[in-house]
Amino acid sequence: FYIIFFAVFFAAFRKFVSPNTFRVVHHTGVTFKDVVGMDALKRDMMQVADVMLHPAQYKSRGIRMPKGILLEGAPGNGKTLFARALAGEAKVNFIPAKATDFESMFMAIGPAKVKLLFRKARRRAPCIVFIDEFDGIGTRRNYSGSAIETENTRIVTALLNELDGFQTNSGVLVLAATNSINALDEALIRPGRFDARFSVPYPDSTAREQLVSLYSRGKQPSGECTPEVLGKMFSGFSCAKIESVMNKSALIAAQAGRAQFTLDDVKAAVKEQ
């Protein structure tokens, strides 16, 4: 009985905390050329990447590398794409993760995965660790005593320990994406752990026109569907929503037996969003 019990336990543990849990991407295949807009953010982040790649040079000037950076913005505006592009631009290793990767039916698996993630990142330095949906694991600690809250507290504590354990020349940069900074634990996002916060905004008018041109590739918009006209129509839309509307417009036209989609098709697609 004991042999079977421990064999099952060990197999389950290896399944949930495997050395292959977090995949290291050596070449993301994406650069800032693939990211529309965000010019100011690109400049700031490339400077951070330069500090990560040349820590000794900056240390001689009294500048240390940031341990963590928060990217805040509405869903669908390209936070994940931006993180991948930064790794591709800086030519460093990239380890993507999301909040659900740390969830498990077993207690203490989440903190173990946090330790595994950062241990792997240190071995692959220089490296960018990207944690998507950060508010899913970095929420304020609640000591209510429930199993869920206890596990969340352990995960946050593990994150605190790992960030505090960073050396200034570790070569590991943590990028965390969230839709709401207000939901995060204050101790976790204080300066010294996450040193900078950047907002990923909705695309401006110029960016919207570029996105329309990008998402029109392979489609046949009518003459009235120019980037300027659609760019104004898509004011306040996220990047993902613009892509979805363009795709839906072409689908509506195809359903009607037409090769080109019209402005009316676009308006119908917007209403369905």
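Residues numbered from 1 in each chain as written. Predicted model: local features only at pLDDT ≥ 70, side-chain atom pairs only at ≥ 80, totals over all residues. Heavy atoms only, no water.

(A) The environment of Lys 91, seen in detail. Within the element layout of this structure, Lys 91 appears in the loop between α4 (79–90) and β2 (93–98). Spatially, the C-alpha atom of Lys 91 lies 9.4 Å from that of Leu 53, the residues being 38 residues apart in sequence. (Helix = DSSP H or I, 4+ residues; strand = E, 2+ residues; numbered from the N terminus.)

(B) View of helix α10 (residues 263–272). Every buried residue belonging to α10 is among Leu 263, Asp 265, Val 266 and Ala 269, and all of these are buried. Within α10, the buried residues cover an arc of 155° as seen down the axis, which keeps them to one side. Within α10, the exposed residues directed more than 90 degrees away from the buried face are Asp 264, Lys 271 and Glu 272. Check the buried side of α10 and you find it contacts α8 (227–233) and α9 (239–255). (Buried < 20%, exposed > 50% of the residue type's maximum accessible area, 1.4 Å probe, protein only. Arc of directions from axis to C-beta. Contact = heavy atoms within 4.5 Å.)

(C) Representation of the side chain of Arg 193. Considering the arrangement of structural elements, one finds Arg 193 in the loop between β4 (172–178) and β5 (196–199). Look past the residues within four positions of Arg 193 in its chain and what remains in contact with it is Lys 67, Gly 68, Leu 160, Leu 163, Asp 164, Ala 187 and Leu 188.

(D) Broad picture of unusual backbone geometry. For the peptide bond that leads from Ala 125 to Pro 126, omega is 0°, which places it in the cis range. Tracing the chain through its elements places Pro 126 in the loop between α5 (109–123) and β3 (127–132).

(E) Layout of the pattern of salt bridges. Within this structure, the stated rule accounts for four salt bridges. Note that Glu 162 is salt-bridged to Arg 122, the shortest N-O span being 3.1 Å. Linking Glu 162 in helix α6 (residues 147–164) with Arg 122 in helix α5, this pair joins segments that are 40 residues apart in sequence. Classification of Arg 122 by relative accessible area gives partly exposed; the value is 33%. Notably, a salt bridge pairs Asp 265 with Arg 258, separated by 2.8 Å at the nearest N-O pair. (Salt bridge = Lys/Arg side-chain N within 4 Å of Asp/Glu carboxyl O.)

(F) Here's a closer look at the packing of α9 against α10. In the contact formed by α9 and α10, the axes pass within 8 Å of each other and the chain directions differ by 120°. If you check the angle between α9 and α10, you find them oblique. Crossing of α9 over α10 shows right-handed handedness. Residues Val 245, Lys 248, Ser 249, Ile 252 and Ala 253 of α9 form the contact with α10, whose own contacting residues are Asp 265, Val 266, Ala 268, Ala 269, Val 270 and Glu 272. (Axes fitted to C-alpha atoms, helices over the stretch in contact; angles between N-to-C directions. Parallel < 35°, antiparallel > 145°, perpendicular 65-115°, else oblique. Left-handed = near helix turned anticlockwise from the far one by under 90°.)

(G) A nonpolar patch on the surface, seen in detail. Taken together, Phe 1, Tyr 2, Phe 5 and Phe 6 make up a surface patch of nonpolar side chains, about 560 Å² in accessible area. The topology assignment puts Tyr 2 in helix α1 (residues 2–16). The class of Tyr 2 is exposed, set by a relative accessible area of 61%. (Patch = residues over 30% accessible without salt bridge, like charges linked within 9 Å, V, L, I, M, F, W, Y side chains within 5 Å. Areas by Shrake-Rupley, 256 points an atom, 1.4 Å probe, with all protein chains shown as cover.)

(H) Layout of the pairing of strand β1 (residues 68–72). The buried fraction of β1 is high, at four of five residues. Note: β1 against β4, five bridges, orientation parallel. Counterpart to Gly 68 in the pairing with β4 is Val 174. Two strands pair when backbone bridges link them, and β1 and β5 are joined in this way by four bridges, in the parallel orientation. Within β5, the residue paired with Ile 69 across the bridge is Ala 196. (Pairing = 2+ DSSP bridges.)

(I) Broad picture of the sheet that holds β2. Here five strands make up an open sheet; going across it, the order is β2-β3-β4-β1-β5 and the pairing parallel. Pairing within the sheet leaves two strands with one partner each, and these edge strands are β2 and β5. Pairs of neighbouring strands in the sheet enclose a mean axial angle of 20°, with direction left out of account. Across the sheet, α4 touches β1, β2, β3 and β4, and the angle it forms with β3 is around 175°.

(J) Region of the structure containing α5. When the terminal C-alpha atoms of α5 are compared, their 21 Å separation across 15 residues agrees well with the 21 Å that a helix rising 1.5 Å per residue should span. Here α5 has its buried residues at Ile 109, Gly 110, Pro 111, Lys 113, Val 114, Leu 116, Leu 117, Phe 118, Lys 120 and Ala 121. (Expected span 1.5 Å × (residues − 1).)

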